[in-house]
Amino acid sequence: MKKKYVIGVVGASGAVGEEIFKILEEQKFPVAKIVPLASSRSAGKEIEFQGQTYQILETTDDIFQKENIEIAFFSAGSSVSARYAPSAVKAGAVVIDNTSHFRMEEDIPLVVPEVNPDDIKQWHKKGIIANPNCSTIQMVHVLSPLHKMFEIQRVDVSTYQAVSGAGKKGMEELVMQMQAFFAFKLEEAEAVAFPHRIALNVIPHIDVFMPNDYTKEEMKMIYETNKIMHSNFAVSATCVRVPVLRSHSEALTITFKNIVSAKDAQKILSESPNVVLADEPHSKIYPMPMLAADTDQTYVGRIREDHFDKHILHLWCVADQIRVGAATNAVRIAQKWIEFQESE
């Protein structure tokens, strides 16, 4: 009989935490016990898992040992991970962290299981495995198989990121502002989750601006991509928030060392794990947020060769940020970690 695990979810009341419970259930993850955790404000609330109701407990230093947690998913923000992840590790849990706090630390693996699963084996160095940025995850799903075949030299990416990237508060803000629009009161709508009104608008600003005038979100895509792929090719990103509830979209221009054809790229991507080719533009089939929402795949299409350079491809990809870009990737890391544990 296969071992079952005590699972803790820090940030149980948030959008990603709720999705983790849903995916654990869908994947029939080997759960012995679920321990939902959150701040004192959310403690006492209830969540449902596999037909049972569980009360959310307050995240404390001793809760991980007290509840014998073996796998701890963290999705409650960088400050919470910085504060409590060491306590979870000390209690014997492997931490799978959805925040940006640990991603670029040298001894902490940054993992997308379809791309660099073997890096999970480094987990014992610090007891933590980092989950990458949502936009990076879907991008490397596409880049990795193409890089192996044609060798990437440069990537230019523009993102069209859904409000789900800002969590529940971002989604609620878009809905409330659209309600205000239909009530002819949009001018009264307050911008709290975003720097400007998001309804009927696009905002070329995600996270804080850095001294080089790129945002932190844009720099994450550069550094994380090369860490995950063990590469050193150039990446330039422009990250934009759009008034879409779920699923991030990305327009990619990829420059290769070798000559590449759209047909070859389509074949490679159609055979890549958790990538769905949706590339029949004349039949109006191409990736869109409404196609990707609530799924666990990255959709890719509009693959075309550059007019002037046979080494360049242009394409479009879309994935559900809450699932593929966060919760699904975290659960897949845990599944692969279990595989490695059981094979030792």
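The numbers attached to residues start from 1 for each chain and follow its sequence in the written order. For this predicted model, a pLDDT threshold of at least 70 governs which residues receive local features, and a threshold of 80 or more governs which side-chain atom pairs are given and counted, while totals over whole chains, interfaces and linings are taken from all residues. Hydrogen atoms and water are omitted, and side-chain values are computed over all heavy atoms in the structure.

**Describing the pairing of strand 13 (residues 298-305)**
To be explicit about the condition: For two strands to count as paired, DSSP must find a minimum of two bridges between them. The way it works is that DSSP assigns letters per residue, a run of H or I at least four long becomes a helix, a run of E at least two long becomes a strand, and they are numbered from the N terminus.
With three bridges connecting them, strand 12 (residues 275-277) and strand 13 associate as parallel partners. Counterpart to Leu-277 in the pairing with strand 13 is Val-300. Relative to strand 14 (residues 312-319), strand 13 runs antiparallel, the two sharing five bridges. Looking at the pairing, Val-300 lines up with Cys-317 of strand 14. Following strand 13, the chain reverses through six residues before pairing antiparallel with strand 14.

**Comments concerning the pattern of salt bridges**
Selection criterion: Here, a salt bridge means any Lys or Arg side-chain nitrogen found within 4 Å of an Asp or Glu carboxyl oxygen. Whether a residue is buried, partly exposed or exposed follows from its accessible area with a 1.4 Å probe, protein chains only, as a fraction of its type maximum: under 20%, in between, or over 50%, in that order.
Applying the stated criterion across every chain, the model contains 20 salt bridges. With its nearest N and O atoms 2.7 Å apart, the salt bridge here joins Glu-18 to Lys-168. Of this pair, Glu-18 sits in helix 1 (residues 15-26) while Lys-168 sits in helix 5 (residues 167-182), placing them 150 residues apart in sequence. Taking the relative accessible area as the measure of exposure, Glu-18 reaches 37% and is therefore partly exposed. On the basis of relative accessible area, Lys-168 is assigned to the partly exposed category, the value being 32%. Where Glu-19 meets Lys-22, a salt bridge forms, and the shortest distance between an N and an O atom there is 3.6 Å.

**A few points about the nonpolar core**
Condition: Nine residue types can take part in a nonpolar core, namely buried Ala, Val, Leu, Ile, Met, Phe, Trp, Tyr and Cys, and a core is a set of them joined through side-chain atoms within 4.5 Å. Residues count as neighbours in contact if any of their non-hydrogen atoms are within 4.5 Å of one another.
If you look at the biggest cluster of nonpolar residues, it comprises 57 residues, and the most contacted ones within it are Phe-64, Phe-74, Leu-146, Val-155, Leu-252, Ile-254 and Leu-315. The biggest single contributor to this core is helix 4 (residues 134-150), with seven residues. With residues up to four places along the chain from it excluded, the contact list for Leu-252 reads Met-139, Val-142, Val-155, Asp-156, Val-157, Leu-313, His-314, Leu-315 and Cys-317. Grouped together as the second largest cluster of nonpolar side chains are 45 residues, Ala-38, Ile-56, Val-111 and Ala-334 included.

**A look at the UniProt feature "active site" (unreviewed entry) in the chain**
Filter applied, for reference: UniProt positions are given in the numbering used here, feature names are shortened, and annotations may be inferred rather than shown by experiment.
The sites that carry the UniProt feature "active site" (unreviewed entry) are, in the present numbering, Cys-134 and His-248. The greatest C-alpha distance among the annotated residues, which extend across 115 residues, is 8.3 Å, indicating that they converge on a single site. For Cys-134, a relative accessible area of 9% gives the class buried. Leave out the neighbours within four places in its chain, and Cys-134 touches Glu-217, His-248, Gln-321 and Gly-325. In this fold, His-248 is placed in strand 11 (residues 248-256).

**Side note on the packing of helix 4 against helix 9 (residues 323-343)**
For any two helices packed against each other, one specifies the crossing angle of their axes together with the interaxial distance. Defined as follows: Fitting a line to C-alpha atoms yields each axis, with helices limited to the stretch in contact; the angle taken between N-to-C directions then spans 0 to 180 degrees. For classification purposes, angles smaller than 35 degrees are called roughly parallel, those larger than 145 roughly antiparallel, those between 65 and 115 roughly perpendicular, and all remaining angles oblique. Gly is placed with the polar residues, together with every amino acid not listed as nonpolar (Ala, Val, Leu, Ile, Met, Phe, Trp, Tyr, Cys and Pro) or charged (Asp, Glu, Lys and Arg).
At their nearest, the axes of helix 4 and helix 9 sit 8 Å apart, and the two run at 70 degrees to each other. In this view, helix 4 runs roughly perpendicular relative to helix 9, as classed from their interaxial angle. Here Cys-134, Ile-137 and His-141 of helix 4 lie close against helix 9, whose contacting residues are Val-324, Gly-325, Ala-326, Asn-329 and Arg-332. In terms of residue class, the contact of helix 4 with helix 9 is made up of four nonpolar, three polar and one charged.

**Some words on unusual backbone geometry**
Even without being glycine, Leu-200 reaches a positive phi, approximately 55 degrees. Structurally, Leu-200 is set in the loop between helix 5 and helix 6 (216-229). Positive phi is not limited to glycine here, since Asn-274 has a value of about 60 degrees. Relative to the assigned elements, Asn-274 resides in the loop between helix 7 (262-270) and strand 12. Judged by its relative accessible area of 27%, Asn-274 falls in the partly exposed class.

**Some details on the domain arrangement of the chain**
Where we set the bar: Domain extents, as shown, originate in an automatic or database domain assignment. A 1.4 Å probe defines the accessible area here, and the buried area is the portion of it lost by two parts on being joined, summed over both.
Domain annotation of the chain identifies domain 1 (5-131 + 326-343) and domain 2 (135-162 + 202-319). With 20 residues of domain 1 in contact, the opposing surface of domain 2 contributes 16 residues. Among the residues domain 1 hides against domain 2, the three largest losses belong to Leu-110, Glu-114 and Val-115. Together they make up 32% of the total. Linking domain 1 to domain 2 there are two salt bridges. A salt bridge links Glu-19 to Arg-246, with the shortest nitrogen-to-oxygen separation between them at 3.5 Å.

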